[in-house]
Amino acid sequence: MALLHQLEQSQWFSSEEISSQQYAQMGLLAEYAAKHSPGFAKRLQQAALQPHQLATAQGFKRLPVLTRRDIQQAGPALHCTVAPRSHLPVGEVKTSGSTGEPVVVKKSAVSNLLWMAMTIRDHFWHRRDFSQRLTAIRANATRFGEFSNWGPPVNLLFPTGASQIINITTDIKEQIRLIRAFQPHDILVYPSNLAGILAECKNQGQPITGVAHLRT
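Residues numbered from 1 in each chain as written. Predicted model: local features only at pLDDT ≥ 70, side-chain atom pairs only at ≥ 80, totals over all residues. Heavy atoms only, no water.

Student: Looking at this structure, I do not really get the overall build of the chain. What am I missing?
Tutor: When helices and strands are tallied, the chain shows eight helices and seven strands. A globule of 216 residues ought to have a C-alpha radius of gyration of about 17 Å, yet the chain, at 21 Å, is considerably larger. Overall, the C-alpha framework of the chain stretches about 60 × 40 × 30 Å when taken along its three principal axes. For the chain, the proportion of its 216 residues judged to be buried stands at 29%. Sequence separation of 24 or more characterises 60% of the internal contacts of the chain that already satisfy a separation of 6 or more. (Helix = DSSP H or I, 4+ residues; strand = E, 2+ residues; numbered from the N terminus. Rg over C-alpha atoms; globule rule 2.2 N^0.38 Å. Buried < 20%, exposed > 50% of the residue type's maximum accessible area, 1.4 Å probe, protein only. Contact = heavy atoms within 4.5 Å.)

Structure representation (C-alpha cells):
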C-alpha cells in the first residue's frame, strides 16, 4: 500500500522530473549489473559504454535493444550472480512460449512486490469490483480450479469474490460451459482465445451474459 501511495504521487510529476528520476535509477541499476552480470558487462563493452553513461539520455540511446534472441543466447550469463539480501528470495520464471521458444529470467522479491503494486493499481484505474467473480484463462494454469478468492495480490489487502482458473488448452466449448456455470463478472483471457469463444457463442446462438470486464 505504501508503494501504491508513492505511485499515486509520482504519476503527477512533470515529464522532466520523471525522466530525471528514471535515469538516476537506471544509473544505479547499470552499475550493479555491470559488476554482477557477465552478459550485461559484455553488452556494455560491445557498445563502448561505461555504466554511469546509462544515467543520461544520450548514453542510454547508445545501448542496443535487448532482443528475445539475445536473452536466449546469453542464458545464465545475463543473470546477476549476486542478489542483494533485500531482494531475496530469487525465483525463475519463463514466458508461455506462445510465440516461440520460451524466455527464462530471474525474478526477485522486489520485482514481485512491484508487480503486485502495479496489478492493484490497474484494478483501481479500471474500477473493478473485488466482490464479484473472476475467471482467468491462462497458458500457465496446470489444471482447472475454482477458489474462494482472487488470489494475490488482491486477497492480501481486500475481501474478494470467488475465482475460476481454466487452462488455455481446454476445448473452447468446454471453456464456454465452465464460464456459463461460474457466471463471472470479470474475464482475463488471451485475444486468440477470446476470438474462439466469441465465434463459438455466435455459432451456438447464445451469448455469455453478466460479464462487465474483459481483459486481454
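That covers the picture; the talk isn't over yet.
Student: Quick question: what am I supposed to make of the pairing of strand S3 (residues 134–138) here?
Tutor: Remark: a regular strand shows side chains that alternate across the two faces of the sheet. Here S3 lies mainly inside the structure; four of its five residues are buried. Bridge analysis of S3 against strand S5 (residues 163–167) gives five bridges, and the strand direction is parallel. Within S5, the residue paired with Leu134 across the bridge is Ser163. With three bridges joining them, S3 and strand S6 (residues 186–188) adopt parallel strand pairing. Note on S6: the bridge partner recorded for Leu134 is Asp186. (Pairing = 2+ DSSP bridges.)

Student: Would you take a moment to explain helix H6 (residues 109–125) for this structure?
Tutor: For an α-helix, 3.6 residues make a turn, and residues three or four places apart therefore share a direction. End to end, H6 covers 24 Å across 17 residues, agreeing with the expected 24 Å (1.5 Å per residue, within 8%). Residues Ala117, Thr119, Ile120, Arg121 and His123 constitute the buried set of H6. Check the buried side of H6 and you find it contacts helix H1 (2–10) and strand S7 (213–215). Trailing H6 by a residue or two, Arg127 shows a phi angle of about 55°, which is positive. (Expected span 1.5 Å × (residues − 1).)

Student: Before we go on, may I ask you to explain the packing of H1 against H6 in this structure?
Tutor: Helix-helix packing is characterised by the crossing angle of the two axes and by the distance between the axes. It is at 9 Å that the axes of H1 and H6 come closest, and there the two elements cross at 60°. Looking at the two axes, H1 sits oblique to H6. H1 and H6 meet at a crossing whose hand is right-handed. Residues Leu3, Leu4 and Leu7 of H1 lie in contact with H6, whose contacting residues are Leu113, Leu114, Ala117, Met118, Ile120, Arg121 and Phe124. (Axes fitted to C-alpha atoms, helices over the stretch in contact; angles between N-to-C directions. Parallel < 35°, antiparallel > 145°, perpendicular 65-115°, else oblique. Left-handed = near helix turned anticlockwise from the far one by under 90°.)

Student: Help me out: how do you make sense of a nonpolar patch on the surface in this one?
Tutor: Residues Met1, Leu156 and Leu157 make up a contiguous nonpolar surface patch of about 320 Å² in total accessible area. Tracing the sequence through the fold places Leu157 in the loop between strand S4 (145–147) and S5. (Patch = residues over 30% accessible without salt bridge, like charges linked within 9 Å, V, L, I, M, F, W, Y side chains within 5 Å. Areas by Shrake-Rupley, 256 points an atom, 1.4 Å probe, with all protein chains shown as cover. Salt bridge = Lys/Arg side-chain N within 4 Å of Asp/Glu carboxyl O.)

Student: Looking at this model, I keep getting lost on the side chain of Ser163. Mind explaining?
Tutor: With respect to the helices and strands, the residue Ser163 is situated in strand S5. Setting aside its immediate chain neighbours within four residues, Ser163 contacts Leu134, Gly145, Glu146, Phe147, Asn149, Trp150 and Phe182.

Student: Help me understand the nonpolar core in this model?
Tutor: Soluble, globular proteins show a tendency: their nonpolar side chains are buried together. Ile137, Ile166, Ile176, Leu178, Ile179, Ile187, Val189, Leu194, Ile197 and Cys201 together form the largest nonpolar core, which totals 10 residues. For this core, the secondary-structure elements that each account for two or more residues are helix H7 (172–182) and helix H8 (191–204). With residues near it in sequence (within four places) discarded, Ile176 still touches Ile197, Glu200, Cys201, Gln204 and Ile208. Residues Ala30, Ala33, Phe40 and Leu49 belong to the second largest nonpolar core, which totals eight residues. (Core = buried A, V, L, I, M, F, W, Y, C linked by side-chain atoms within 4.5 Å.)

Student: Just to check I follow, could you spell out the packing of aromatic side chains for this structure?
Tutor: Counted by the stated rule, this structure contains five aromatic pairs. When the ring of Tyr23 is compared with that of Phe60, the centres are 6.1 Å apart and the planes differ by 70°; the resulting orientation is edge-to-face. Taken together, the residues Tyr23 in helix H2 (residues 15–36) and Phe60 in helix H4 (residues 57–61) connect sequence positions 37 residues apart. Of the residues examined, Tyr23 reaches a relative accessible area of 22% and is grouped as partly exposed. On the basis of relative accessible area, Phe60 is assigned to the partly exposed category, the value being 33%. Ring geometry for Phe124 versus Phe158: centroids 6.0 Å apart, planes at 70°, classification edge-to-face. Of the two residues, Phe124 is situated in helix H6 and Phe158 in the loop between S4 and S5; the sequence distance between them amounts to 34 residues. Judged by relative accessible area, Phe124 falls into the partly exposed class, the value being 41%. In this structure Phe158 comes out as partly exposed when scored by relative accessible area, which is 25%. (Phe/Tyr/Trp six-rings, centres within 6.5 Å; stacked < 30°, edge-to-face > 60°.)

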